[in-house]
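Letter by letter, the chains look like this.
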Amino acid sequence: MTELKAAARLSLLGILLVAADALTAQEDWLAKDANWNEHKTRLQAFGERFENAWELYTYLQETANGGKALTWEDMPKPAYNWSGVYTRTGGGLSFDPDIRANETTAKLTEAGASARQRKIDLITSTGGEYDPLSDCRPPSFPRWATEPFLHEFVVTPNQTWLMNEMVNDVRRVYTDGRAHTLPEDAYASANGDTIGFWTDGMLVTHTTYLISGQYQRGTQPDYSDQVEVVERWKKVDGNTLEADYWVFDPVNLGEPWYTRQSWTQLADDDNFLRLRYWDCRENQNNDILEKNDGTSQFSDFDFIENDAAVSTDEDVRQAAE
Amino acid sequence: MMKQLLKHGLFLASMGIVGAVHAHHSGAMFDDTKVIELTGVVKEFQYTNPHSWLLVDITNSDGSVTTWGFEAEGPSTLMRAGIRKGDLPPGTPITIRGNPMKDGRSGSAWIDAVVNGKTINPRNGFAVIPAAE
């Protein structure tokens, strides 16, 4: 009889432990406040419970009972009114805005660490690098999150548009319940394919079918074309949008990389700020060539009659031939 | 606005963030260990994305004129720094500072300038001044 009671107690304890685990598995939105280090650790650990981004996304969707369908009547509500001109709140050229650009909190695989070391070695040996953005190619996602300049965000019931002035870059998040493009019809692109849903005033997204890239130039890590991202966007006050980012990349990351990204609505009392068209060919002086040593150089200024005759750079002279 | 820029600009400087001025391409072509200061007149303000170029004519000691190009960020960042295209029409006297190019050409990364006794700093355009809630 005593053994039976002990077994019952153990069973009850087991049930309680499972229930407690289930309660903490759904990680709520955690504020970026004085307890941020602890919150960030919890959000990182939450991401690590999942094998891949899709598993995390479907978990969040199931616990939100599929999410809430928005209507046009919802649009003026503070949670969905993302109007205004924004820019990245801080972080410079670091994907994790909590640290400096020459550091990383990513848990890199051996391949990921090697790729980063090659970037460090190039910069150490040459003092510079060549960034593909120099000819107005898109930064690609998830690097998109780290770019400065002006942003606009437009929420509608069925789509949300996330726009950066740089290279006229628009990400479209489909929230009308559609699935991703079928694998047999899909192809990789700079911003991939993003679907999402709304829950408790938060926009939860999943992005896939991406191309390889780098989180930023300098010594920030690379990502492969297997990278997938779950985001959770929230307007946290009258002029700040924040987003949880869980990046999964089996090639470069040993664990998902959690960061909190943020954008601030800018003061624009005279309505002078606006996003302008962005094209490297509008001004000849912005033409950048990739040097033979892997760094960058201006090719041909319009305010100098014969660049090759003046420049000491062999690459400039070669480009003029 | 200027008070806000000064406050946030100083904050950025204290955080060491102002060095991130070449947000679109690497700054490998400029020598950031050197600073030049030149006085001349504005020839043209190319207010363009992804970068703006302020062309300044400098009269040399032998009477010849050299056009220098000073690179800054594009229009939206300059607007945030309080520098508008109409502020610098051709013929405007200017004293300007920059990090020169390594290869000897008359190009430079624009640091700041004095126009009509007032200092302007294109790098203040990265200061984040929030809208009122």
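Bear in mind the structure is a predicted one, so any value in this text is a computation, not a measurement.

## Thoughts on the overall build of chain B
Next up, step 1: Counting secondary structure elements, chain B contains two helices and six strands.
Next up, step 2: Counting from the amino terminus, helix and strand elements in chain B follow one another as α-β-β-β-α-β-β-β.
Next up, step 3: Burial analysis of chain B (133 residues in total) assigns 46% to the buried set.
Next up, step 4: If you take every contact in chain B between residues at least 6 apart in sequence, the share linking residues at least 24 apart comes to 60%.

## What to know about the overall build of chain A
Next up, step 1: Each helix and strand in chain A was counted, giving six helices and 13 strands.
Next up, step 2: With respect to the three principal axes, the spread of C-alpha positions in chain A is 100 × 50 × 45 Å.
Next up, step 3: Relative to its 321 residues, chain A shows a buried fraction of 40%.
Next up, step 4: When contacts within chain A are restricted to residue pairs at least 6 apart in sequence, those whose partners lie at least 24 apart make up 57%.

## Here's the deal with the domain arrangement of chain A
All names here are of chain A.
Next up, step 1: According to the domain assignment, chain A contains domain 1 (33-265) and domain 2 (284-320).
Next up, step 2: Taking the mean C-alpha position of each, domain 1 and domain 2 sit 35 Å from one another.
Next up, step 3: Facing the seven residues of domain 1 at the interface are six residues of domain 2.
Next up, step 4: A per-class count over the side of domain 1 that touches domain 2 returns two nonpolar, three polar and two charged.

## Considerations on the interface of chain B and chain A
Next up, step 1: Each partner contributes residues to the interface: chain B has 32 residues there, and chain A has 53 residues.
Next up, step 2: Mapped onto the side of chain B that touches chain A, the elements with two or more residues apiece are strand 2 (51-59), strand 3 (65-73) and helix 2 (75-80) of chain B.
Next up, step 3: Looking at the side of chain B that touches chain A, the element that brings in the most residues is helix 2 of chain B, giving four residues.
Next up, step 4: Here the side of chain B that touches chain A is composed, by residue class, of 15 nonpolar, 14 polar and three charged.

## Some remarks on the pairing of strand 4 (residues 169-174) of chain A
Residue and element names in this part refer to chain A.
Next up, step 1: With burial as the criterion, only one face of strand 4 is covered, namely that bearing Asp169, Arg171 and Val173; the residues Val170, Arg172 and Tyr174 on the opposite face remain uncovered.
Next up, step 2: The pairing of strand 3 (residues 159-164) with strand 4 spans six bridges and is antiparallel. When the bridges of strand 4 are listed, Trp161 appears paired with Arg172.
Next up, step 3: Sheet topology places strand 4 next to strand 5 (residues 193-199); two bridges connect them, and they run parallel. Residue pairing in the sheet places Tyr174 in a bridge with Ile195 of strand 5.

## Let's talk about unusual backbone geometry
Next up, step 1: Across the junction of Phe141 of chain A and Pro142 of chain A, the peptide omega takes the value 15 degrees, indicating a cis bond.
Next up, step 2: Topologically, Pro142 of chain A is positioned in the loop between helix 4 (110-126) and strand 2 (151-155).
Next up, step 3: For the bond from Asn49 of chain B to Pro50 of chain B, the omega torsion is -5 degrees, close enough to zero to count as cis.
Next up, step 4: Positionally, Pro50 of chain B belongs in the loop between strand 1 (36-46) and strand 2.
Next up, step 5: Positive phi outside glycine occurs at Val167 of chain A, with the angle close to 50 degrees.
Next up, step 6: Given 21 C-beta atoms within a 10 Å radius, Val167 of chain A is considered buried.
Next up, step 7: Here the phi dihedral of Asn116 of chain B falls at roughly 50 degrees; this positive angle occurs in a residue that is not glycine.
Next up, step 8: Within the element layout of this structure, Asn116 of chain B appears in the loop between strand 5 (107-115) and strand 6 (118-120).
Next up, step 9: Classification of Asn116 of chain B by C-beta neighbours within 10 Å gives exposed; the count is 9.

## Things to note about helix 3 (residues 53-63) of chain A
All names here are of chain A.
Next up, step 1: Turning to helix 3, its buried residues number three or more, namely Ala53, Leu56, Tyr57 and Leu60. The arc enclosing the buried residues of helix 3, seen along the axis, measures out at 95 degrees, which places them on a common side.
Next up, step 2: Along its buried surface, helix 3 packs onto helix 2 (36-48), strand 6 (202-208), strand 9 (228-237) and strand 10 (240-248).
Next up, step 3: Following helix 3 by one or two positions, Asn65 adopts a phi angle in the positive range, close to 55 degrees.

## Description of the environment of Arg171 of chain A
Residue and element names in this part refer to chain A.
Next up, step 1: Its location among the elements puts Arg171 in strand 4.
Next up, step 2: When the C-alpha atoms of Arg171 and Trp36 are compared, they prove to be 28 Å apart, with 135 residues separating the residues in sequence.
Next up, step 3: If sequence neighbours within four positions are ignored, Arg171 has contacts with Phe141, Trp144, Leu162, Asn191 and Thr194.

## What to know about the nonpolar core
Next up, step 1: Grouped together as the largest cluster of nonpolar side chains are 77 residues, with contacts concentrated most on Val229, Trp246 and Val247 of chain A together with Leu54 and Phe70 of chain B.
Next up, step 2: The element that contributes the greatest number of residues to this core is strand 10 of chain A, accounting for five residues.
Next up, step 3: Contact partners of Leu54 of chain B, with chain neighbours within four places excluded, come to Val42, Phe45, Phe70, Ala72, Leu88 and Trp110 of chain B.

## So, the environment of Asn286 of chain A
Next up, step 1: The topology assignment puts Asn286 of chain A in the loop between strand 11 (257-265) and strand 12 (288-290).
Next up, step 2: With 76 residues separating them in the primary sequence, Asn286 of chain A and Leu210 of chain A have C-alpha atoms 28 Å apart.

## A short note on the pairing of strand 1 of chain B
All names here are of chain B.
Next up, step 1: Summarising the sheet, strand 1 and strand 4 (residues 93-100) pair through six bridges and their orientation is antiparallel. Among the inter-strand pairings, Glu37 is bridged to a residue of strand 4, identified as Arg97.
Next up, step 2: As judged from the five bridges shared by strand 1 and strand 2, these two strands associate in the antiparallel manner. Bridge pairing links Val41 to Asp57 in strand 2.
Next up, step 3: The antiparallel hairpin formed by strand 1 and strand 2 contains four residues in its connecting segment.

## Describing the confidence of the model for chain A
Next up, step 1: On average, residues of chain A score 93 in pLDDT, and 92% of them reach the 70 mark or higher.
Next up, step 2: Of the regions scoring below 50 in pLDDT, residues 13-23 of chain A engages in zero contacts with residues more than four places distant in sequence or in other chains.

## Things to note about helix 4 of chain A
Next up, step 1: Between its first and last C-alpha atoms helix 4 of chain A spans 24 Å; for 17 residues at 1.5 Å apiece the expected length is 24 Å, and the two agree.
Next up, step 2: Residue Gly127 of chain A follows helix 4 of chain A closely and has a positive phi angle near 80 degrees.

About the thresholds
Residues numbered from 1 in each chain as written. Chains lettered and ligands numbered in written order. Predicted model: local features only at pLDDT ≥ 70, side-chain atom pairs only at ≥ 80, totals over all residues. Helix = DSSP H or I, 4+ residues; strand = E, 2+ residues; numbered from the N terminus. Buried ≥ 20, exposed ≤ 12 C-beta atoms within 10 Å, placed from the backbone. Contact = placed C-beta atoms within 7 Å. Domains from an automatic or database assignment. Nonpolar A, V, L, I, M, F, W, Y, C, P; charged D, E, K, R; others polar. Pairing = 2+ DSSP bridges. Arc of directions from axis to C-beta. Core = buried A, V, L, I, M, F, W, Y, C linked by C-beta atoms within 7 Å. pLDDT = per-residue confidence, 0-100. Expected span 1.5 Å × (residues − 1).

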